Protein chains: 2
Amino acid sequence: MTVRMTRQRAAVAEALDESPEFRSAQQLHETLRARGDAVGLATVYRTLQALVDGGEVDVLRTGEGESLYRRCVTRAHHHHLVCRSCGRTVEIDGPSVEAWASAMGAAHGFADIEHTVELWGTCADCRAAHGA
Amino acid sequence: MTVRMTRQRAAVAEALDESPEFRSAQQLHETLRARGDAVGLATVYRTLQALVDGGEVDVLRTGEGESLYRRCVTRAHHHHLVCRSCGRTVEIDGPSVEAWASAMGAAHGFADIEHTVELWGTCADCRAAHGA
DNA sequence: GGACTGGTGAGAACGGTTGTCAAGTCGCCG
DNA sequence: CGGCGACTTGACAACCGTTCTCACCAGTCC
């Protein structure tokens, strides 16, 4: 079961590399199609899933249940501050949060603690653009 | 547009009151059906949504995108430590996390900061039951 | 009791995601 | 370089949770 490099996989990886924002599978699919590098939607999903499994890409889910993907700079565990309008992202680190999370888990007898910590906001540019 | 008290709404509220765990709309629907208090699924969703809007019930989304509901003790803002297997929940408070979140937002020029902070684990009982 | 109006439920619609499976390719081997 | 087999792909159907539709039902107020 060798892993093959195909035109499609390269295209998805490239699209990810090009945008520093978190983007949905459908947005990436649309980008590729627009550029002429057509790739089936199912393939986009499969490729993204594989990248996520390999730890090469980060995923997070919006409040509406859509998954967003991004090739993060840091491969180590970190959190995100994401613009809810354009997807622009700042990778942040929260040592105190990690400590707090595991202490809380242990204190209540829970094991295999996992935590979800994401920050959403509106970045300066989007605020300027959207009025408000 | 008066709000009416109906058998269905009362049933959903009661089902919520009976279980301290986070439960999905479908689980609640099933519980009601099993008990004989049949209520349409759409109504369960509508009622839950209304309770959430009124701040009477907390929602959170599982990693798989399903929404879970729970009548929390604290009405003030708080976070949850949830058993991923049975839904058992501990309401937790994280003043340091709140401060950290808004400081991070401000530091990067993001406004209207919102944060998602949830802890998932396996509670002692479920660990005992599931072996492992 | 009657009317007015919000509520209900069965089922269709939806939106994102995953599964299906025949047809297409990558890579290795000879 | 041509062949082969296993891995991939893609069009489309299936899924799943959730929301919408709309005709019928039932609280509330008088």
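The subject of this paragraph is the sheet that holds strand β2 (residues 58-61) of chain B. Taken in spatial order, the 3 strands line up as β1-β3-β2 (chain B) in an open sheet, and their pairing is antiparallel. In this open sheet, the two edge strands, each paired with only one partner strand, are β1 (23-24) and β2 of chain B.

Moving on to the protein's contact with DNA strand D. Taken together, 22 residues surround DNA strand D, and among them Arg4, Thr6, Arg9 and Arg46 of chain A together with Tyr45 of chain B come closest. Backbone atoms, meaning sugar plus phosphate, form 63% of the atoms of DNA strand D positioned within 4 Å of the protein. Thr2 of chain A has a polar backbone atom sitting 3.3 Å from a sugar or linking oxygen of DNA strand D. Contacts to DNA strand D include Gln26 of chain B, whose side-chain N or O atom sits 3.4 Å from a sugar or linking oxygen. In terms of residue class, the surface near DNA strand D is built from 8 nonpolar, 7 polar and 7 charged.

So, on to the pattern of salt bridges. With the rule as written, the count across this model stands at 17 salt bridges over all chains. Its salt-bridge partner being Glu114 of chain A, residue Arg84 of chain B comes within 2.7 Å of it at the nearest N-O pair. Here Arg84 of chain B, found in the loop between β4 (79-83) and β5 (89-92), pairs with Glu114 of chain A, found in strand β6 (residues 111-122), and the two come from separate chains. Taking relative accessible area as the criterion, Glu114 of chain A reaches 46% and is therefore assigned partly exposed. The salt bridge involving Asp37 of chain B is made with Arg35 of chain B; its shortest N-O contact spans 3.5 Å. Given a relative accessible area of 24%, Asp37 of chain B falls into the partly exposed group. Note on Arg35 of chain B: relative accessible area 32%, which makes it partly exposed.

Rules behind the numbers
- Residues numbered from 1 in each chain as written.
- Chains lettered and ligands numbered in written order.
- Predicted model: local features only at pLDDT ≥ 70, side-chain atom pairs only at ≥ 80, totals over all residues.
- Heavy atoms only, no water.
- Pairing = 2+ DSSP bridges.
- Helix = DSSP H or I, 4+ residues; strand = E, 2+ residues; numbered from the N terminus.
- Near = heavy atom within 4 Å.
- Polar contact = N/O pair within 3.5 Å; in protein donor to acceptor, adjacent residues only side chain to side chain.
- Nonpolar A, V, L, I, M, F, W, Y, C, P; charged D, E, K, R; others polar.
- Salt bridge = Lys/Arg side-chain N within 4 Å of Asp/Glu carboxyl O.
- Buried < 20%, exposed > 50% of the residue type's maximum accessible area, 1.4 Å probe, protein only.

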